[in-house]
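Inside the fold
Take a look at the letters that make up each chain.
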Amino acid sequence: QVMSNIRQVAEQPWRDLLSACGQNVSDNAIIHQLMKADGEIAEYVVGGEENAMDDEDEDEDEANEDKEIAAFCNAWLDVVGLAVTGRLLERILSIPALTVKGCEHLNADLSYLQNVLVALGVSGHPHPLLGHISELVTLDASMLTERINNMDKTNQLQATLVGMEERLAAMKSVGG
């Protein structure tokens, strides 16, 4: 099938995201887990499963051709959304330092992007990490430090997320 590996197009921004927060992940499985944006990742992000998007059932009355067109468009919108999200998160975690005002601005920008992605109506978007980072930038130093210190780093996915949170804490000049 031509579209079977379409999500590979979005892998590089996620690989760069992990690199930006000091994670050297050669295993594609962790990248795929992060990109998947449901299930296990919802357990670890701020807001948890309430940020996860539900899949909507297709209207059974649609013609087969309309379904194929919609599936094609949704597959590409998913890939574009994933690539944009991965690249944006990578660029955010590459910021040298964030002030309180910068955190407020970043929170507003991420909220706006989440609203845009919701309006597109693509399943799995916005990615839960957008809301997670948005929430984390609003946490005070003690809450962020406590969250990082209480995370179980034995699970590879959770350890990867902790790496992102530690990078964000360093940007906010929060000690761990």
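Structural notes, computed from the coordinates.

Rules and cut-offs
- Residues numbered from 1 in each chain as written.
- Predicted model: local features only at pLDDT ≥ 70, side-chain atom pairs only at ≥ 80, totals over all residues.
- Heavy atoms only, no water.
- Core = buried A, V, L, I, M, F, W, Y, C linked by side-chain atoms within 4.5 Å.
- Buried < 20%, exposed > 50% of the residue type's maximum accessible area, 1.4 Å probe, protein only.
- Helix = DSSP H or I, 4+ residues; strand = E, 2+ residues; numbered from the N terminus.
- Contact = heavy atoms within 4.5 Å.
- Axes fitted to C-alpha atoms, helices over the stretch in contact; angles between N-to-C directions.
- Parallel < 35°, antiparallel > 145°, perpendicular 65-115°, else oblique.
- Patch = residues over 30% accessible without salt bridge, like charges linked within 9 Å, V, L, I, M, F, W, Y side chains within 5 Å.
- Areas by Shrake-Rupley, 256 points an atom, 1.4 Å probe, with all protein chains shown as cover.
- Salt bridge = Lys/Arg side-chain N within 4 Å of Asp/Glu carboxyl O.

1. Quick notes on the nonpolar core
Residues Trp14, Leu34, Leu89, Leu93, Leu129, Leu161 and Met164 are the most contacted members of the largest nonpolar core, which totals 43 residues. Of all the secondary-structure elements, those providing two or more residues to this core are α1 (11-20), α2 (28-36), α3 (64-92), α4 (100-120), α5 (128-136), α6 (141-149) and α7 (156-171). Apart from residues no more than four positions distant in its own chain, Leu93 is found in contact with Leu17, Ala20, Cys21, Met164, Arg167, Leu168 and Met171.

2. Let's talk about unusual backbone geometry
Residue Pro126 is reached from His125 by a cis peptide bond, and omega for that bond is 5°. Inspection of the secondary structure puts Pro126 in the loop between α4 and α5.

3. Quick look at the packing of α1 against α2
Look at α1 against α2: their axes get within 10 Å of each other, and the N-to-C directions meet at 105°. Compared by their axis directions, α1 and α2 come out roughly perpendicular. The segment α1 lies against α2, with Glu11, Trp14, Arg15 and Leu18 engaging Asn28, Ile30, Ile31, His32, Leu34 and Met35.

4. Some details on a nonpolar patch on the surface
Residues Val9, Phe72, Trp76, Val80 and Val84 make up a contiguous nonpolar surface patch of about 450 Å² in total accessible area. Inspection of the secondary structure assignment puts Trp76 in helix α3.

5. Some remarks on the environment of Ile41
Considering the arrangement of structural elements, one finds Ile41 in the loop between α2 and α3. You can call Ile41 buried: its relative accessible area is 0%. For the pair Ile41 and Pro128, spaced 87 residues apart in the sequence, the C-alpha separation amounts to 8.1 Å. Setting aside its immediate chain neighbours within four residues, Ile41 contacts Leu34, His127, Leu129, Leu157 and Leu161.

6. With respect to the packing of α2 against α7
Helices that pack against each other are described as a pair by the angle of their axes relative to one another and the distance between those axes. At a minimum axis distance of 10 Å, the contact between α2 and α7 shows a crossing angle of 70°. Regarding the angle of α2 to α7, the classification is roughly perpendicular. Each of Ile30, Gln33 and Leu34 in α2 lies in contact with α7, whose residues at this interface are Gln156, Leu157, Thr160, Leu161 and Met164.

7. Points about the pattern of salt bridges
The full count for this structure, using the stated rule, is 7 salt bridges. Note that Asp78 is salt-bridged to Arg7, the shortest N-O span being 2.9 Å. Of this pair, Asp78 sits in helix α3 while Arg7 sits in the segment before α1; the two residues are 71 residues apart in sequence, bridging distant segments of the chain. Judged by relative accessible area, Asp78 falls into the buried class, the value being 12%. Its relative accessible area of 31% is what places Arg7 among the partly exposed residues. Taking the shortest distance from any N to any O, the salt bridge between Asp16 and Arg87 comes out at 2.7 Å. Placement of Asp16 in helix α1 and of Arg87 in helix α3 is noted, with a sequence separation of 71 residues between them. Arg87 gets classed as partly exposed once you look at its relative accessible area, which sits at 33%. It is possible to trace a salt-bridge network through shared partners that takes in Asp16, Arg87, Glu90 and Arg91.

Shape is all these values report; function is a separate question.
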